[in-house]
Amino acid sequence: MNFLSTINISYFYLVPKVAKDLVVILSRSLQLEGDKLRLERDNLDLELNFLKAQVNPHFLLNTLNSIYARIFEADQQAADLVLHLSELMRYNLYETEQPRISLGKELAYIQHYLDLERSRLAHQPVLIDYEQSGQPAHYQIAPLLLIAFVENAFKHGVKGATQPAYVQVRADVDTNGHFTFTVENSLPDSKPSASRPEARSGGVGLVNVRRRLEALYAGRYTLDATADQHIYTVRLMIQLEVATSSIQVY
C-alpha cells in the first residue's frame, strides 16, 4: 500500500469522526445558547413580577390618599381609618428596606396599628391601651420586629372573646439604650393556661421573631412569655444602638 493510499484511508476514517465531533460541539453550543435565552427570559419575568409587586402597592397607596381627600369632610372617622391604613402601607413600602429604622418610627407604626384595631373593635368591650416613655427617636431598631407581638395579642387575646378583653402595650427606652417592650392581653376562657407548652413558648407565630432576634441581637436581648388562666404577657428587652445620622427620626 503506497503513501497516498494510506492518506486516503486515514482521511476516509477521519472525516466522519471530525464531523461527529463538530455535531456534538454544535449541539452543545446550541444547548448553551438555549439555556442562556431561557435564563434571560426568566430574568425578564422576574423583573416584570418585581415591577408588578412595586406598582400595585404604590397604586393602592395613592388610591387610599385620594379616598382620604374625598371623604375627609364627609366622614372624619372613616377618613382617620384610611389615614392609619395609608401610614401602615407607607411604612412597609418605604422604610422597611433598611436594616435599621428609627425606634420612633417603629413605635409610630405600632400606634397606627392600634388605632385601626380601636376603630375595628369600637362596638366591642375591648380596652386597648398604649404607653411610651423615653426618647425613642435617639435609637434604632430592626424594622417590623415588634408588630408580631401586638398581632399575637389580638389574635389570641381578643378574637373569640365573649367577655370584656384588653390589650396593653408598653414601650420604654432609657438613656443607655435599654429598650423594654411589653404586651399584655387577657385570655378568653378557651385559651390555654401556662401549663400548656404553646402558652409557655409564646405560640407558633413568634418563632420567626425569635429567629430574627437571635440573628440580629444575639447576646443583647431577652424574650420572656408568661401566661396564667386569664393573662398572657410577653416582654422583650433589647440593647439598642444609637441612631446614626443617615436614619431619619421623628
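Residues numbered from 1 in each chain as written. Predicted model: local features only at pLDDT ≥ 70, side-chain atom pairs only at ≥ 80, totals over all residues. Heavy atoms only, no water.

Side note on the packing of aromatic side chains
Logical step 1: Counted under the stated rule, the structure contains four aromatic pairs.
Logical step 2: Ring-pair connections join several aromatic residues into one group, and the members of that group are Phe149, Phe179 and Phe181. (Phe/Tyr/Trp six-rings, centres within 6.5 Å; stacked < 30°, edge-to-face > 60°.)

A closer look at the sheet that holds strand S5 (residues 178-186)
Logical step 1: With mixed pairing, five strands are arranged side by side in an open sheet as S2-S4-S5-S7-S6. Two strands close off the open sheet at either side, each with one partner strand: strand S2 (126-133) and strand S6 (221-227). Averaged over neighbouring strand pairs, the angle between their axes works out to 5 degrees when direction is ignored.
Logical step 2: Judged from the eight bridges that link them, S2 and strand S4 (residues 165-173) form a sheet pairing that is parallel. When the sheet's bridge partners are listed, isoleucine 128 is paired in S4 with valine 167.
Logical step 3: Relative to S2, helix H3 (residues 103-120) is tilted by about 165 degrees, and along the sheet it contacts S2, S4 and S5. (Pairing = 2+ DSSP bridges. Helix = DSSP H or I, 4+ residues; strand = E, 2+ residues; numbered from the N terminus. Axes fitted to C-alpha atoms, helices over the stretch in contact; angles between N-to-C directions. Contact = heavy atoms within 4.5 Å.)

Quick look at helix H4 (residues 147-158)
Side chains of residues three or four places apart in an α-helix project in the same direction, reflecting 3.6 residues per turn.
Logical step 1: In this model, H4 (12 residues) spans 16 Å end to end at C-alpha, consistent with the 16 Å of a helix rising 1.5 Å per residue.
Logical step 2: Counted residue by residue, H4 has nine buried out of 12 residues, so it is predominantly covered.
Logical step 3: Burial in H4 covers these residues: Ile147, Ala148, Phe149, Val150, Asn152, Ala153, Phe154, Gly157 and Val158. (Expected span 1.5 Å × (residues − 1). Buried < 20%, exposed > 50% of the residue type's maximum accessible area, 1.4 Å probe, protein only.)

Focus: the side chain of serine 186
Logical step 1: Here serine 186 lies in strand S5.
Logical step 2: Look at serine 186 and you get buried, because its relative accessible area is 10%.
Logical step 3: Only 3.0 Å separates the side chain of serine 186 from the backbone nitrogen of tyrosine 166, close enough to count as a polar contact.
Logical step 4: Excluding residues within four positions of it along the chain, serine 186 makes contact with Gly157, Ala165, Tyr166 and His230. (Polar contact = N/O pair within 3.5 Å; in protein donor to acceptor, adjacent residues only side chain to side chain.)

Considerations on unusual backbone geometry
Logical step 1: You will see that leucine 144, though not glycine, has its phi angle at about 60 degrees, which is positive.
Logical step 2: By the element assignment, leucine 144 lies in the loop between strand S3 (139-141) and H4.

Side note on the pattern of salt bridges
Logical step 1: In total, this model carries six salt bridges according to the counting rule given.
Logical step 2: Where glutamate 117 meets arginine 120, a salt bridge forms, and the shortest distance between an N and an O atom there is 2.6 Å. Within this pair, glutamate 117 and its partner arginine 120 are both found in helix H3, separated by three residues, close to a single helical turn.
Logical step 3: Two residues, aspartate 129 and arginine 170, come together in a salt bridge whose shortest N-O distance is 3.0 Å. Of the two residues, aspartate 129 is situated in strand S2 and arginine 170 in strand S4; the sequence distance between them amounts to 41 residues.
Logical step 4: Take aspartate 129: its relative accessible area is 23%, and that puts it in the partly exposed class.
Logical step 5: Through salt bridges that share partners, Arg100, Arg220 and Glu241 make up one connected network. (Salt bridge = Lys/Arg side-chain N within 4 Å of Asp/Glu carboxyl O.)

A look at the nonpolar core
Logical step 1: Judged by nonpolar contacts, the single largest core of 47 residues is most densely connected at Ile141, Phe149, Val150, Phe154, Phe179, Phe181 and Val183.
Logical step 2: Discounting chain neighbours no more than four positions away, the residues touching valine 150 are Ile110, Tyr113, Leu114, Val169, Phe181 and Val183. (Core = buried A, V, L, I, M, F, W, Y, C linked by side-chain atoms within 4.5 Å.)

A short note on the pairing of S5
Logical step 1: Across the nine residues that make up S5, a large majority, seven, are buried.
Logical step 2: In terms of strand pairing, S4 meets S5 through seven bridges, oriented antiparallel. The partner of valine 173 across the bridge, within S5, is phenylalanine 179.
Logical step 3: The antiparallel pairing of S4 with S5 creates a hairpin that spans four residues between the two strands, and glycine 177 there sits at a positive phi of about 85 degrees.
Logical step 4: Strand direction decides the pairing type here: S5 and strand S7 (residues 231-239), joined by nine bridges, are antiparallel.

Considering the confidence of the model for the chain
Logical step 1: Model confidence for the chain is summarised by a mean pLDDT of 77, while 63% of its residues fall at 70 or above.
Logical step 2: No element of the chain has a lower mean pLDDT than helix H5 (residues 197-201), which averages 45, and none a higher one than S5, which averages 97.
Logical step 3: Confidence over residues 194-201 falls short of pLDDT 50; this stretch has 14 contacts with residues more than four positions distant or in other chains. (pLDDT = per-residue confidence, 0-100.)

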